[in-house]
Amino acid sequence: MATMYDVPADDLIEALAEDLEDRLDEPEWSQFAKTGVDRELPPEQEDFWATRAASLLRKVADRGPVGVERLSTEYGGGKAGTNRYRVAPDRRTDGSKNVIRTILQQLEEEDLVETAEGEGRRITPAGRSLLDDTAGEVLEELDRPELERYA
């Protein structure tokens, strides 16, 4: 049986996003909201919400229990110092906590993630099963010779 560690992360996230696209509802405000202070525009991907949800589910499974604050640093970036002369170095900024929190709440409603009191959020057995089943499907579909030993 394949686990999420047996397949490349980008292929797993892409396959999970297809599954979560039907399960999660994208809020109306998400098409106007930036994903961080360092961004200039909202995301342009059509399936951004499902892709971010799949990425969050994988991160919670890998690093859990983990809180919104730590996850927002994962999705942050560098903001330019000053607009006029650009002499100040970039400084680190966090990603949008509202986007992360809303997606985690939706994943909780789907019973894929649960809240651990005082620790953050962790994956449920149903969430782990979804990740492992999707990883197995992705591993079968991959046409990469270096991964054949895992099949």
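Here, every reference points to the structure presented above.
Position labels on residues start from 1 in each chain and follow its written sequence. Since the coordinates come from a predicted model, pLDDT governs what is reported: local features require at least 70, and pairs of side-chain atoms require 80 or more to be given and counted, while whole-chain, interface and lining totals use all residues. Based on all heavy atoms of the structure, the side-chain values leave hydrogens and waters out of the count.

1. Some remarks on the overall build of the protein chain
Secondary structure elements follow DSSP: runs of H or I no shorter than four residues count as helices, runs of E no shorter than two count as strands, and numbering proceeds from the N terminus. Regarding its fold elements, the protein chain presents five helices and four strands. Along the chain direction, N to C, the helices and strands of the protein chain fall in the order α-α-α-β-β-α-β-β-α. Any two residues whose heavy atoms approach within 4.5 Å at even a single point are treated as in contact. Excluding contacts between residues fewer than 6 apart, the proportion of contacts in the protein chain whose partners are at least 24 apart in sequence is 63%. Each accessible area value is a Shrake-Rupley result obtained with a 1.4 Å probe; residue values ignore everything except the protein chains displayed when judging cover. Looking at the protein chain as shown, the accessible area adds up to about 9200 Å², and 42% of this sits on carbon and sulfur atoms. Seen as two clouds, the 20 positive and the 36 negative side-chain charges of the protein chain have centres 12 Å apart. We treat Lys and Arg as the positive residues and Asp and Glu as the negative residues; His and chain ends play no part in the count. Working definition for charges: the position is that of NZ of Lys, CZ of Arg, CG of Asp or CD of Glu.

2. Brief notes about the nonpolar core
Generally speaking, a soluble globular protein has its nonpolar side chains buried in company with each other. Counting residues in hydrophobic clusters, the biggest one holds 35 residues, and the most contacted among them are Leu20, Leu57, Leu107 and Leu131. Counting only elements with at least two residues in this core, the list comes to helix H1 (9–23), helix H2 (48–63), helix H3 (68–74), helix H4 (97–109) and helix H5 (125–141). Residue contributions to this core peak at nine residues, all from H2. Residues in contact with Leu107, not counting those within four places in the same chain, are Leu20, Leu24, Ala53, Leu57, Leu112 and Val113. Take the buried residues of types Ala, Val, Leu, Ile, Met, Phe, Trp, Tyr and Cys, join any two whose side-chain atoms come within 4.5 Å, and each joined set is a nonpolar core. Each residue is assigned to one of three classes by its accessible area relative to the maximum for its type, calculated with a 1.4 Å probe on protein chains only: buried under 20%, partly exposed between the two thresholds, exposed over 50%.

3. Some details on unusual backbone geometry
A positive phi is found at Asp111, a non-glycine position, where the angle reads about 60 degrees. Tracing the backbone shows Asp111 in the loop between H4 and strand E3 (113–116). Exposure remark for Asp111: the relative accessible area of 47% places this residue in the partly exposed category.

4. Quick look at the packing of aromatic side chains
The geometry of two aromatic rings is summed up by the distance between their centres and the angle between their planes. Stacked, edge-to-face and tilted labels apply to pairs of Phe, Tyr and Trp rings (six-membered ring for Trp) whose centres lie within 6.5 Å, assigned for plane angles under 30 degrees, over 60, and everything in between, in that order. On inspection of all chains with the given rule, the structure shows one aromatic pair. Here the aromatic rings of Trp29 and Trp49 are separated by 5.8 Å at their centres, their planes lie at 85 degrees, and the arrangement is edge-to-face. Taken together, the residues Trp29 in the loop between H1 and H2 and Trp49 in helix H2 connect sequence positions 20 residues apart. When the ring centre of Tyr75 is taken as reference, the NZ or CZ atom of Lys59 above it lies at 5.6 Å. By the criterion adopted, a ring carries a charge over it if an Arg CZ or a Lys NZ lies within 6 Å of its centre and within 35 degrees of its normal.

5. Remarks on the pattern of salt bridges
Definition used for salt bridges: Asp or Glu carboxyl oxygen within 4 Å of a side-chain nitrogen of Lys or Arg. All told, the structure shown has eight salt bridges when counted by the stated rule. A salt bridge links Asp19 to Arg23; the shortest N-O distance between them is 4.0 Å. With Asp19 and Arg23 both in helix H1 and four residues apart, the pair spans about one turn of that helix. We classify Asp19 as partly exposed; its relative accessible area is 31%. The exposure class assigned to Arg23 is partly exposed, which follows from its relative accessible area of 32%. One salt-bridge network, held together by shared partners, links Asp19, Arg23 and Glu110.

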